[in-house]
Amino acid sequence: MKNFKYNTPTKIIFGRDTLSEIVNEIPKYGQRVLLVYGGGSIKKNRVYNQLTELLIKNKLFYTELSGVKPNPSIISVREGITICRENKVDFILAVGGGSVIDCAKAIAAGVFYKGDPWDFYTGKAKIRESLPLGTVLTLSATGSEMNGFSVISNEETRQKLGTGSELLKPKFSILNPEHTFSVNEYQTAAGTADIISHCLEQYFSPQPGTYLQDRITEAIIKTCIHYGPIALKDPGNYEARANLMWASSLALNGMISTGKEGDWATHDIEHKISALTDLAHGVGLAIITPAWMAEVLDEENVDKFFSLGCNVFGIDPSYDKHQVAQESIKLLRFFFLSLGIPETLSKANASVSFDKFDEMAEDILSFGPIGVFKKLEKEAIIRILKAIS
Ligand code: NZQ
Ligand code: ZN
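Just so it is clear, the structure is predicted and the values come from calculations on it, not from any experiment.

Quick look at a nonpolar patch on the surface
- A grouping of M1, F4 and Y6 is seen on the molecular surface, where their side chains present a nonpolar patch of about 330 Å² in accessible area.
- Along the chain, F4 turns up in the segment before β1 (11-14).
- Judged by relative accessible area, F4 falls into the partly exposed class, the value being 44%.

Shown next, in the form of structure tokens:
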């Protein structure tokens, strides 16, 4: 296990009837709020009404940025920065899934930066200051509600890139599982796959001696495998939604990557695909992950696959470890299929033509090599793209 620093300053307010806590939390940081939300789901499920009533009743000024799209665009970020400056906003409240929260984080940092906020994502600028922000999570998936990452798309350059800073960690997040009852089957499946992928990206690590982190990770994956199908069948099942919601935060708040390096190659590949096709992030990951596993499995790393197979999928440990490894890849693929996620990009209506693969692989490698569990060369990335097309 490597040395580590672990800092999760986000206050989690979890459970039913917790929305009203915003009126206790926001005034600790500001008085003039930018409310950031997406395409209208929060109006349909009435979270918007409840929220704005609370803000008005408590005399908190608010202005809005709405229409933040999935795979959020840098255009919304620029728009949000202008609104903040014009209205002297001093606090941002993101109400939605990962896209809304990531967009809010980019705005929070961009307000203090004279240049274009895209610079944070290309590495041209570092985040040095940020407005405080809080979140009301409505979709269990990314973990953005409890981490300092933000992923933004740029249609002009056809890139989707991430950045991270301690300054972007939300001050508080309201996690009311009831706010996710209205999430449809497709997004519930995508979110569940994203949480599993975050677990696997950190599970498949080259560092030995992280027994505790690995067992916690397996427990989060098992939670998703148990409750994902229940939430699909019964969207208003509080227990299922609550377990998925907490799994979302725990999978990417830094806890399971303490003392180790995560691989993240699957995410690097997915971000390129969703930049080109606008595919839902979790669906892309569910398609890529089994192909990535099949590509990287070898004699040296087979033990990790063996642990996954025995501890998560309950495969008999007396079987040959290579057999267990192959079986665990198969069972993961079956699980994603059972959630209604297809095995290939074309079946997910997100085809990318073969003649683009070379250029895509080069783009994916443009910020340096990817993969630490196993480094992926250009040819390996192309093989994965072919396998999933
Ligand atoms: O826009 P609205 O109307 O709100 O609808 C959204 C959107 O269409 C809908 N939705 C959200 N909550 C709902 C709901 N529909 C009904 N009821 C509700 N309660 O779901 C759709 C997808 O929302 P989105 O926010 O895009 O999904 P997700 O949370 O999966 O976020 C995906 C984005 O996060 C990035 C991804 O790359 C992608 O851009 N990621 C962010 C990370 C981070 N910041 O740590 C890490 C992740 O690995 C990921 O890369
Ligand atoms: Zn993800």
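There is more to say, and it comes next.
Some remarks on the sheet that holds strand β2 (residues 32-37)
- Taken in spatial order, the six strands of this open sheet run β1-β8-β5-β4-β2-β3, and their pairing is parallel. In this open sheet, the two strands that pair with only one neighbour each are β1 and β3 (61-65). Between one strand and the next, the sheet's axes are offset by a mean angle of 20°, whatever the strand orientation.
- Of the strand pairs in this sheet, β2 and strand β4 (residues 91-96) are connected by five bridges, and their pairing is parallel. Bridge assignment links L35 to a residue of β4, and that residue is L93.
- Most of the contacts of helix α4 (residues 74-87) go to β3, to which it runs at about 160°, and overall it touches β2, β3 and β4.
- Helix α9 (residues 238-251) contacts β1, β5 (133-137) and β8 (172-175) of the sheet and is inclined by roughly 175° relative to β1.

Let's talk about the nonpolar core
- Counting residues in each nonpolar core, the largest one holds 67 residues, and the members touching the most others are F204, I269, I273, W292, F305, L308 and L376.
- Leaving out residues up to four positions away in the same chain, I269 has contacts with I288, I364, I370, L376, I381, I384 and L385.
- Core analysis: the next-biggest nonpolar cluster, separate from the first, contains 34 residues, C103, A106, I152 and L161 among them.

Things to note about the packing of helix α7 (residues 185-203) against helix α8 (residues 211-233)
- At a minimum axis distance of 10 Å, the contact between α7 and α8 shows a crossing angle of 170°. Put simply, α7 runs roughly antiparallel to α8. Along its contact with α7, which presents E185, T188, A189, T192, I195, I196, C199, L200 and Y203, the element α8 presents D214, R215, T217, E218, I220, I221, C224, I225, G228, A231 and L232.

Remarks on the coordination of the zinc ion (ligand 2)
- Distances from the zinc ion (ligand 2) to its protein donors, namely D194 (OD), H198 (NE2), H267 (NE2) and H281 (NE2), fall within the range 2.1 Å.
- All donors of the zinc ion (ligand 2) come from a single chain, and their spacing in sequence reads D-x3-H-x68-H-x13-H. Of this pair, D194 and H198 both sit in helix α7, separated by four residues, roughly a single helical turn.
- D194 sits in the buried class, given a relative accessible area of 1%.
- By relative accessible area, which is 2% here, H198 ends up buried.

Rules of the game
Residues numbered from 1 in each chain as written. Chains lettered and ligands numbered in written order. Predicted model: local features only at pLDDT ≥ 70, side-chain atom pairs only at ≥ 80, totals over all residues. Heavy atoms only, no water. Patch = residues over 30% accessible without salt bridge, like charges linked within 9 Å, V, L, I, M, F, W, Y side chains within 5 Å. Areas by Shrake-Rupley, 256 points an atom, 1.4 Å probe, with all protein chains shown as cover. Salt bridge = Lys/Arg side-chain N within 4 Å of Asp/Glu carboxyl O. Helix = DSSP H or I, 4+ residues; strand = E, 2+ residues; numbered from the N terminus. Buried < 20%, exposed > 50% of the residue type's maximum accessible area, 1.4 Å probe, protein only. Pairing = 2+ DSSP bridges. Axes fitted to C-alpha atoms, helices over the stretch in contact; angles between N-to-C directions. Contact = heavy atoms within 4.5 Å. Core = buried A, V, L, I, M, F, W, Y, C linked by side-chain atoms within 4.5 Å. Parallel < 35°, antiparallel > 145°, perpendicular 65-115°, else oblique. Donors = N, O, S within 2.8 Å, 3.2 Å for Na, K, Ca; no water.

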